[in-house]
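Residues per chain, in single letters:
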Amino acid sequence: MAARVAPVAHANGHIETVNGNPQVIIALCRVSQSARSRSKTIGLGLAISLLSACSSQPQVPFSYTLEPLSFEPGNTYNVTDGRARFREIFCAANTDHGESLPDYRPCEDALVRFEDEPEPTGEPVDLGISSAGLLGKMVPGLAYSCIKAWLHHDNSAPNHVATLGYETGFIQVEGIASSETNATLIADYIAGLEAEHSERPLILFGYSKGVPDIFAFLKAYPDLTNRVAAVVSYAGAVWGSPLADTADEKQLKWLTHIPGAECERKDSKALETLSPANRVAWFAENTLPEHIRYYSVIAFPDPENISNGLQRFHRQLGELKDARNDSQVVFYDQVIPGSTVLGFFNADHWAMSVPIARQHEITQAVFADQNDFPREIALEAILRYIEEDLAKDRAGS
């Protein structure tokens, strides 16, 4: 159900409402004003990025190049190239039934093709109903629980893949809390899974800050990691973002004033988690469990395909580090070391996961004008790829 009015604060001082309640805009604009008074921005996650509405040159200019990421043997990230097969699966599903789903985009428009992408494998793509019993759970990003009520997420991607035999959904975590706090919530959820799910391959998807939260869980609860078959960075903040160093805890706490917000105040340490220095230190001290398969799905949008509400952050992140970013995270900072890279989507940080445009027409026109993205086909293709990959592992063991 679409909101009646999008969150727009007008220059004449009149404040529009969201679902009839002006307090949403008041809370958001107070955060923005607080940030602006300190010459700071708030970057990670949908809710924080919405604040760009309240209104130099990049260190590395935009280009369709992948350095420092490489698929050559011995590459720094130790990644495997899964792009050719993933493209086959994505394009086969998109051709078969993509036009019947929301936000259809031709395959070549949705997936970025780099010069070094391998040739197709030529193997057939099974588009039938899955019998593998995969259980996929998404750990959402920064501040998601704060704006969930406003967003009215349509769950169209989970609903679509359910018709294909895949069960997916969300793990509720605290929107502005540290990864250590959220690790406990993830552990509680997994420990509470019914016995009938114990033999099902569990796939954890991390969107934005969801990835560090998953990593914190893997570290703190080793006895539960045997339940996890795979972890997916989906535009994940694996190595953090410099934008996190430009905001502070007080700004995050304003988000708790949004009506319907479920971002508890147990702690407000999310920005510390997302600091690049924190992420580098974490990897220096920790090793990811080897029995789990890791995958990276990367947002690499053309600058013209970044929504108005994110353009400011895209430029700032370019000035801080690299213009090849999705407005929140530089593309190579979304890569899990030792993972299989599935593909690069021509979509900004919002478009990858948050269907703002489908629910809020005015917000789309003002802030989220590049929000159309075939999330249903993307989720289906990821699950089908992982299903194939896990089956090959079992056959080879």
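These numbers were taken from a predicted model, which means no experiment stands behind them.

S.K.: How should the overall build of the protein chain be read in this particular structure?
M.R.: The helix and strand inventory of the protein chain stands at 16 helices and seven strands. Split into buried and exposed, the 397 residues of the protein chain put 59% on the buried side. For the protein chain, the accessible surface area stands at approximately 15,800 Å², while carbon and sulfur atoms represent 50% of it.

S.K.: In this structure, what is going on with the packing of helix H8 (residues 210–220) against helix H11 (residues 276–285)? I would like to understand it.
M.R.: Where H8 contacts H11, the two axes come as close as 12 Å, and the packing angle between them is 30°. Between H8 and H11, the interaxial angle falls into the category roughly parallel. As for how H8 packs across H11, the hand of that crossing is left-handed. Between H8, through Pro212, Phe215, Ala216 and Lys219, and H11, the contact on the second element is made entirely by Arg279, Trp282 and Phe283. Of the residues belonging to the contact of H8 with H11, the class tally is five nonpolar, no polar and two charged.

S.K.: Explanation requested: helix H3 (residues 83–97) in the structure shown.
M.R.: Since the α-helix turns once every 3.6 residues, residues separated by three or four places project in the same direction. Taking 1.5 Å per residue as the helical rise, H3 with its 15 residues ought to reach 21 Å, and the 21 Å between its terminal C-alpha atoms agrees with that figure. Counting buried positions along H3 yields twelve of 15 residues, so the element is predominantly enclosed. In the core, the buried residues of H3 are packed alongside strand S1 (80–81), helix H4 (107–110), helix H6 (156–162), strand S7 (340–345) and helix H16 (375–396).

S.K.: What should I look at first to understand the confidence of the model for the protein chain in this one?
M.R.: When pLDDT is averaged across the protein chain, the result is 85; 82% of the residues are at 70 or more. The low-confidence segment residues 1–55 (pLDDT under 50) makes 134 contacts with residues lying over four places distant or belonging to another chain.

S.K.: Sorry, what's going on with the nonpolar core here?
M.R.: A general tendency of soluble globular proteins is for nonpolar side chains to be buried together. Residues Phe90, Phe215, Val231, Phe344 and Phe345 are the most contacted members of the largest nonpolar core, which totals 111 residues. Among the elements that take part in this core, H16 stands out by supplying nine residues, more than any other. When residues no more than four places from it in sequence are discounted, the contact partners of Phe344 are Leu66, Leu69, Phe71, Arg83, Ala110, Leu111, Val112, Phe114, Ile298, Phe300 and Phe331.

S.K.: Hey, could you run me through the pattern of salt bridges in this one?
M.R.: Pairing between side chains of opposite charge can happen when the charged atoms of each approach one another. Going through the model one piece at a time under the given rule, you end up with 17 salt bridges. Two residues, Glu88 and Arg85, come together in a salt bridge whose shortest N-O distance is 3.1 Å. Taken together, the residues span about one helical turn, with Glu88 and Arg85 both in helix H3 at a distance of three residues. Take Glu88: its relative accessible area is 15%, and that puts it in the buried class. The buried category is assigned to Arg85, whose relative accessible area is 7%. One salt bridge connects Arg293 with Asp389, and the closest N-O pair in it is separated by 2.9 Å.

S.K.: Help me understand the sheet that holds strand S2 (residues 135–139), please; the structure alone is not making it clear to me.
M.R.: Pairing between sheet strands relies on hydrogen bonds along the backbone, with the strands arranged either parallel or antiparallel. If you trace the seven strands from one edge of the open sheet to the other, you get S1-S7-S6-S5-S4-S2-S3, paired in parallel fashion. Here the strands that pair on one side only, and so sit at the sheet edges, are S1 and strand S3 (167–170). Strand direction decides the pairing type here: S2 and strand S4 (residues 202–208), joined by five bridges, are parallel. Bridge pairing in S4 places Gly136 opposite Ile203. Contacts from H8 reach S2, S4, strand S5 (228–236) and strand S6 (293–299), with the element oriented near 135° to S4.

S.K.: How do you make sense of the packing of aromatic side chains when you look at a structure like this?
M.R.: Any aromatic ring pair is given by two values, namely how distant the centres are and how the planes are angled relative to each other. Following the criterion strictly, the structure yields 21 aromatic pairs and no others. With a centroid separation of 5.2 Å and 75° between ring planes, the pair formed by Phe114 and Phe300 is classed as edge-to-face. Of this pair, Phe114 sits in the loop between H4 and S2 while Phe300 sits in the loop between S6 and helix H12 (308–320), and the two are 186 residues apart along the sequence. A relative accessible area of 6% means that Phe114 is categorised as buried. Taken together, Phe62, Tyr64, Phe114, Phe300, Phe331, Tyr332 and Phe344 form an aromatic cluster joined through their ring pairs.

S.K.: I tried to follow the packing of helix H7 (residues 179–191) against H8 on my own but got confused; where do I start?
M.R.: A pair of packed helices is captured by two measures, namely the crossing angle of their axes and the spacing between those axes. Axis separation between H7 and H8 bottoms out at 8 Å; the angle between their running directions is 70°. One way to sum up the angle between H7 and H8 is to call them roughly perpendicular. For the element pair H7 and H8, the recorded crossing hand is right-handed. From H7, Ser179, Glu180, Asn182, Ala183, Ile186, Ala187 and Ile190 reach across to H8, where they touch Pro212, Asp213, Ile214, Ala216 and Phe217. By residue class, the composition of the contact of H7 with H8 is eight nonpolar, two polar and two charged.

Each value, and the rule that gives it
Residues numbered from 1 in each chain as written. Predicted model: local features only at pLDDT ≥ 70, side-chain atom pairs only at ≥ 80, totals over all residues. Heavy atoms only, no water. Helix = DSSP H or I, 4+ residues; strand = E, 2+ residues; numbered from the N terminus. Buried < 20%, exposed > 50% of the residue type's maximum accessible area, 1.4 Å probe, protein only. Areas by Shrake-Rupley, 256 points an atom, 1.4 Å probe, with all protein chains shown as cover. Axes fitted to C-alpha atoms, helices over the stretch in contact; angles between N-to-C directions. Parallel < 35°, antiparallel > 145°, perpendicular 65-115°, else oblique. Left-handed = near helix turned anticlockwise from the far one by under 90°. Contact = heavy atoms within 4.5 Å. Nonpolar A, V, L, I, M, F, W, Y, C, P; charged D, E, K, R; others polar. Expected span 1.5 Å × (residues − 1). pLDDT = per-residue confidence, 0-100. Core = buried A, V, L, I, M, F, W, Y, C linked by side-chain atoms within 4.5 Å. Salt bridge = Lys/Arg side-chain N within 4 Å of Asp/Glu carboxyl O. Pairing = 2+ DSSP bridges. Phe/Tyr/Trp six-rings, centres within 6.5 Å; stacked < 30°, edge-to-face > 60°.

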